[in-house]
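# Coordinates in review
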Amino acid sequence: MSRRNSDNFFNSMWPSFVDVMSNLFVLMLFMVVVFLMTNFISTAINPTVKDDRIAQLEKMVEDKDNLNQKLIANIKAIKGNSGKVLEESRKKDEALQELTNTLDFTSNNLKREEIKNEGLANKVAELNMFILQMEGDIIKKENQIKALENNETNLKNTVSKLTTEMQKLNDVFDATDKYIAWQKVQIVELGKKLNRALANKTAELWKVRSGFFEELSQALVGNDNFVMEGDRFVMPSEIFFEKQSAEIGPKGCEELRKIANVLKDAMKKFPDDMDWILRVDGHTDITPIKKGNGKYLSNWELSVDRAISVVKFLISEGIPENRLAATGFGEFHPLVMGVDAKSLQKNRRIEFKLTEK
């Protein structure tokens, strides 16, 4: 494209150049003609002047010829130079074209490099952001490490304190173990002493109980309804109460009065430091309470109420309240197993047991 523009420029300038040179030649020729005519007229008027004019004209013609030759030589030189100029122009155009191509190629490369640079710039920006994040993370990690180091220092101090405290506790435990060992020895000794004391108390209680029951047996001698069952003195409920009743009858009051008198005499012989009680237990047989026949809904209630009635009577006879206890067992602790009339009668009973609180 640059070569075509150069050719058009040269082709458009060359005719103008030729026209200028032609016009210049015509102008010079016109001036020569004017000069010749002027000299001719002057010569015609004055012959001497004519000869001079002729000489001048000849000189001028000669000069014109020389000038024409020079002009022709210059034109030829210009024409010859024009070919060289055209050739040089063509070479310059080719060089310019190559330079243009090189520039285009370089421009394309630059554009590609710019695109690459933009991508690289984005990557660099991303890397910078990543580096900033990493730096922030590193700072956080360093702070965490410092905090952990501080915690470790605090933990070491705490462990040291705890170790000291543990040593103190171990010393205390050692002393405590020794004290406990000593206490165990003392407890064993106290246990032995207590067992001996309990054995003595038990023996004393058995002695008292045996004396009480012996005196009670003598007071109730000839009465087959009174029996001994281990450490208990057993009397049938029929001696004291009517069927499904807890009210003591006259015969029952008489028998209980004998027991109260024996107990009051025995109390005088009991040691002052013996904490005893006379427990009165009420028992029934397994026959269920009939609904609507009385105030009791179960044998349990009946047995408890009978035991309480006996206790109240003994209190009225002068037995201290704090030395008596009433307990009801219902039908749940029979003396014998069976449903016959004799077994049922034997299980309906009042028991007296002299024991400790």
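Before any of the text, the structure's been laid out above.
Criteria and cut-off values
Residues numbered from 1 in each chain as written. Predicted model: local features only at pLDDT ≥ 70, side-chain atom pairs only at ≥ 80, totals over all residues. Heavy atoms only, no water. Helix = DSSP H or I, 4+ residues; strand = E, 2+ residues; numbered from the N terminus. Buried < 20%, exposed > 50% of the residue type's maximum accessible area, 1.4 Å probe, protein only. Contact = heavy atoms within 4.5 Å. Areas by Shrake-Rupley, 256 points an atom, 1.4 Å probe, with all protein chains shown as cover. Patch = residues over 30% accessible without salt bridge, like charges linked within 9 Å, V, L, I, M, F, W, Y side chains within 5 Å. Salt bridge = Lys/Arg side-chain N within 4 Å of Asp/Glu carboxyl O. Pairing = 2+ DSSP bridges. Axes fitted to C-alpha atoms, helices over the stretch in contact; angles between N-to-C directions. Phe/Tyr/Trp six-rings, centres within 6.5 Å; stacked < 30°, edge-to-face > 60°. Core = buried A, V, L, I, M, F, W, Y, C linked by side-chain atoms within 4.5 Å. Parallel < 35°, antiparallel > 145°, perpendicular 65-115°, else oblique. Left-handed = near helix turned anticlockwise from the far one by under 90°. Nonpolar A, V, L, I, M, F, W, Y, C, P; charged D, E, K, R; others polar.

### Things to note about the overall build of the chain
Check the secondary structure of the chain and you find five helices and five strands. Counting helices and strands in the order they occur from the N terminus, the chain gives α-α-β-β-α-β-α-β-α-β. Going through the 357 residues of the chain one by one, you find that 23% of them count as buried. Sequence-distant contacts, at least 24 apart, represent 70% of the contacts inside the chain between residues at least 6 apart. A total accessible area of about 24800 Å² is found for the chain, and carbon and sulfur atoms account for 60% of it.

### Regarding a nonpolar patch on the surface
Residues Leu24, Leu27, Phe30, Met31 and Val34 make up a contiguous nonpolar surface patch of roughly 490 Å² in combined accessible area. Examined against the element boundaries, Phe30 turns out to sit in helix H1 (residues 2–45).

### Here's the deal with unusual backbone geometry
At Gln244, a position not held by glycine, the phi torsion is positive, near 55°. Summarising the element assignment, Gln244 is placed in the loop between strand E2 (232–236) and helix H3 (250–267). With relative accessibility at 24%, the residue Gln244 sits in the partly exposed group.

### Describing the sheet that holds strand E1 (residues 227–229)
An order of E1-E2-E5-E3-E4 is seen for the five strands of this open sheet, with the pairing classed as mixed. Here the strands that pair on one side only, and so sit at the sheet edges, are E1 and strand E4 (324–330). Strand-to-strand twist of the sheet, defined as the mean angle between neighbouring strand axes without regard to direction, takes the value 30°. As paired elements, E2 and strand E5 (residues 349–356) share five bridges and run antiparallel to each other. Considered in E5, the bridge of Met235 is made with Ile350. Relative to the sheet, H3 contacts E2, strand E3 (276–283) and E5, its axis offset from that of E3 by approximately 160°.

### Some points on the pattern of salt bridges
Counted according to the given criterion, the structure contains 10 salt bridges. Residues Glu152 and Lys156 are paired through a salt bridge, measuring 3.7 Å at the closest nitrogen-oxygen approach. With Glu152 and Lys156 both in helix H2 (residues 47–219) and four residues apart, the pair spans about one turn of that helix. Residue Lys156 is classed as exposed on the basis of its relative accessible area of 54%. For Arg349, the salt bridge is made with Glu351, and the minimal N-O distance between the two is 2.6 Å. For Arg349, a relative accessible area of 1% puts it in the buried group. Taking relative accessible area as the criterion, Glu351 reaches 1% and is therefore assigned buried. Connected through shared salt-bridge partners, Arg232, Arg349 and Glu351 make up one network.

### Digging into the packing of aromatic side chains
Within this structure, the stated rule accounts for two aromatic pairs. Ring centres of Phe240 and Phe241 lie 6.0 Å apart, and the angle between their planes is 55°; on these two criteria the pair is classed as tilted. A relative accessible area of 2% places Phe240 in the buried class.

### Some thoughts on the nonpolar core
Grouped together as the largest cluster of nonpolar side chains are 27 residues, with contacts concentrated most on Phe240, Ile248, Leu256, Val280, Val310, Leu314 and Phe352. Residue assignment for this core shows that the elements contributing at least two residues are E2, H3, E3, helix H4 (299–316) and E5. In terms of residue count, the dominant contributor to this core is H3 (six residues). Not counting residues up to four positions away in its chain, the partners in contact with Leu314 are Leu256, Ala260, Leu278, Val280, Ile319, Leu324 and Phe352.

### Re the pairing of E3
Burial analysis of E3 places seven of its eight residues in the buried class, the great majority of the element. Sheet analysis places E3 next to E5, joined by eight bridges and oriented antiparallel. From the neighbouring strand, Trp276 faces E5, where its bridge partner is Glu356. Looking at chain direction, E3 and E4 are connected through six bridges and run parallel. Each residue of the ladder has a partner; that of Asp281, found in E4, is Thr327.

### Structural notes on the packing of H3 against H4
Taken N-terminus to C-terminus, the directions of H3 and H4 make an angle of 60°; their axes are 10 Å apart at the nearest point. Our classification of the angle between H3 and H4 gives oblique. Here H3 and H4 pass one another in a crossing that is right-handed. Residues Cys253, Leu256, Arg257 and Ala260 of H3 lie in contact with H4, whose contacting residues are Val310, Phe313 and Leu314. In terms of residue class, the contact of H3 with H4 is made up of six nonpolar, no polar and one charged.

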